[in-house]
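# Observations on chain architecture
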Amino acid sequence: MSDATLTMGAKGEAREKGRSGSSTAARVAKYAGVRLVVLFFTVVVGIYLVVLVANMGGYVDEIRRGAIREQVSIAVFADESAEMRDLTAEEKRDLIEERVALEVKRIGLDRPFIIRSFGFLRNAITLDLGFATDMVSDSGSKLVRLILLERLPPTLLLWGAANITLFLVALFLGLFLSRKYGSPLDKAVIALAPTSSAPAWFYGLFLILIFAAVLRLLPFGGMVAAPPPESTAMYALSLLEHLILPASAIVISSIFLQAYNFRTFFLIYSSEDYVEMAKAKGLSDRDIERRYVLRPVLPTIITQFALLLIYVWMGATILETVFNWPGLGRTLFQAIGLYDTPVIVGSQVIFAYLLAVTVFFLDIIYALVDPRVRIGGEDRTR
């Protein structure tokens, strides 16, 4: 074969690779664009449903009007000025109606709820979370953004420490159980897996009863002792003592089910034909586990870790309330009790965006770690 023929073949192969690379980039870009549009539409629908539910379809407006009328009436009848004493009962009622109408107009309750709901939706999508109606931040501000930002660090601390510990322990325990299939420990974990149906706050109550009320080893709740210790070391120690019970409740509530799930996936892939072939070739157990068991399970592990990150941001309403932990979950519980719609919607907006971003990146990561997944529906036979 001549040098010219070899050169032409190399150039043709290079052009083919270039076209293939361009086609892959275009397919990935198209897929990413479509997924972003679909996820954004899903987020919009979800946020609007939150707006409707948080406002009870407009019934919260009636509650707020009643609260305004009550406050105005108390203020008018408690006014002991000479001008107010000269007014008749009818004139006082007219004054109350006038002030109520002014306040209702000032906060926009004079417009139909269905019209204002789209305004709420627009503000939520653009992350203009507005002002809380009743709740305030520790600095005295009513900005929803500041309220949520102040409650974010405690939630990140609690759920980050608990869920990362849960994830790592469950992962290695599941891998260990897959190696010890049928052992007493394996049977014990399978038997205890249904206990994960109970929520973390349920176990938290028992932990408080045992370790705080009876044994008096750990505090009942809160984030630090009152008053807070002045030295950094003592503050960190107090924080750790208050963290043990709620974090333990989170781990206990899910550890057996998570370990059982990982153990099941490891067993499924360890029984595949290609694993038996690798054993026949004489590969070590460690190499087989790393190449032929862990890699196929990697998408599942990534999914579990991604969902864990979402839970880290959101926390849990009842658990944080039970332990009096000043995080986003307890803030949401307080906002629901006060019908504070901006805070309720704001917390759910953050969750919706985090969920959408997580799902989007999971699709991309799946294609990178699992060769069986093709972005954009690429022909599997190629």
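Scoring rules and cut-offs
- Residues numbered from 1 in each chain as written.
- Predicted model: local features only at pLDDT ≥ 70, side-chain atom pairs only at ≥ 80, totals over all residues.
- Heavy atoms only, no water.
- Helix = DSSP H or I, 4+ residues; strand = E, 2+ residues; numbered from the N terminus.
- Buried < 20%, exposed > 50% of the residue type's maximum accessible area, 1.4 Å probe, protein only.
- Contact = heavy atoms within 4.5 Å.
- Areas by Shrake-Rupley, 256 points an atom, 1.4 Å probe, with all protein chains shown as cover.
- Axes fitted to C-alpha atoms, helices over the stretch in contact; angles between N-to-C directions.
- Parallel < 35°, antiparallel > 145°, perpendicular 65-115°, else oblique.
- Left-handed = near helix turned anticlockwise from the far one by under 90°.
- Nonpolar A, V, L, I, M, F, W, Y, C, P; charged D, E, K, R; others polar.
- Patch = residues over 30% accessible without salt bridge, like charges linked within 9 Å, V, L, I, M, F, W, Y side chains within 5 Å.
- Salt bridge = Lys/Arg side-chain N within 4 Å of Asp/Glu carboxyl O.
- Core = buried A, V, L, I, M, F, W, Y, C linked by side-chain atoms within 4.5 Å.
- Phe/Tyr/Trp six-rings, centres within 6.5 Å; stacked < 30°, edge-to-face > 60°.

Per the secondary structure count, the protein chain includes 14 helices and zero strands. In the protein chain, the succession of helices and strands from N to C terminus is α-α-α-α-α-α-α-α-α-α-α-α-α-α. Counting all 382 residues of the protein chain, 35% fall into the buried class. Sequence separation of at least 24 residues holds for 70% of the intrachain contacts in the protein chain that already meet a minimum separation of 6. Element-wise, carbon and sulfur atoms account for 66% of the exposed surface of the protein chain, whose accessible area totals about 22400 Å².

So, on to the packing of helix 8 (residues 200-214) against helix 9 (residues 232-270). Orientation of helix 8 relative to helix 9, taken along the N-to-C sense of each, is 130°, at an axis distance of 8 Å. In terms of orientation, helix 8 lies oblique with respect to helix 9. For the crossing formed where helix 8 meets helix 9, the hand is right-handed. Contacts from A200, Y203, G204, L207, I208 and F211 in helix 8 reach L245, S248, A249, I250, I252 and S253 in helix 9. Classifying every residue of the contact of helix 8 with helix 9 by side-chain character gives nine nonpolar, three polar and no charged.

Our next topic: the side chain of N55. Its place among the elements puts N55 in the loop between helix 1 (3-54) and helix 2 (59-78). A relative accessible area of 3% places N55 in the buried class. Apart from residues no more than four positions distant in its own chain, N55 is found in contact with V60, D61, F113, F120 and T341.

A contiguous nonpolar patch, built from W201, F202, L205, F206, L209, I210, V214, L215, L217 and I318 and spanning about 930 Å² of accessible area, is present on the exposed surface. The residue L209 is located in helix 8 in this model. Overall, the relative accessible area of 49% leaves L209 in the partly exposed class.

Counting 27 residues, the largest nonpolar core has I47, A132, M135, V144, L148, V343 and V345 as its most contacted members. Those elements giving two or more residues to this core turn out to be helix 1, helix 5 (113-125), helix 6 (144-179), helix 13 (328-337) and helix 14 (341-369). The leading source of residues in this core is helix 1, at eight residues. Residues contacting V343, with those up to four places away along its chain left out, are A132, M135, V144, I147, L148, T331 and A335. In this structure, A162, L218, M223 and A247 belong to the second largest nonpolar core, which totals 18 residues.

Under the counting rule described, the total for this entry stands at six aromatic pairs. Taking the centre distance of 5.2 Å and the plane angle of 20° together, the rings of Y48 and F118 count as stacked. Placement of Y48 in helix 1 and of F118 in helix 5 is noted, with a sequence separation of 70 residues between them. Given a relative accessible area of 48%, F118 falls into the partly exposed group. Note on F360 and F361: the rings are 5.4 Å apart at their centroids and 75° apart in plane angle, and the pair reads as edge-to-face. For F361, a relative accessible area of 46% translates into the label partly exposed. Here the aromatic cluster, defined as three or more aromatic residues joined through ring pairs, consists of F167, F262 and F266.

Purely spatial values, then, with no claim about function.
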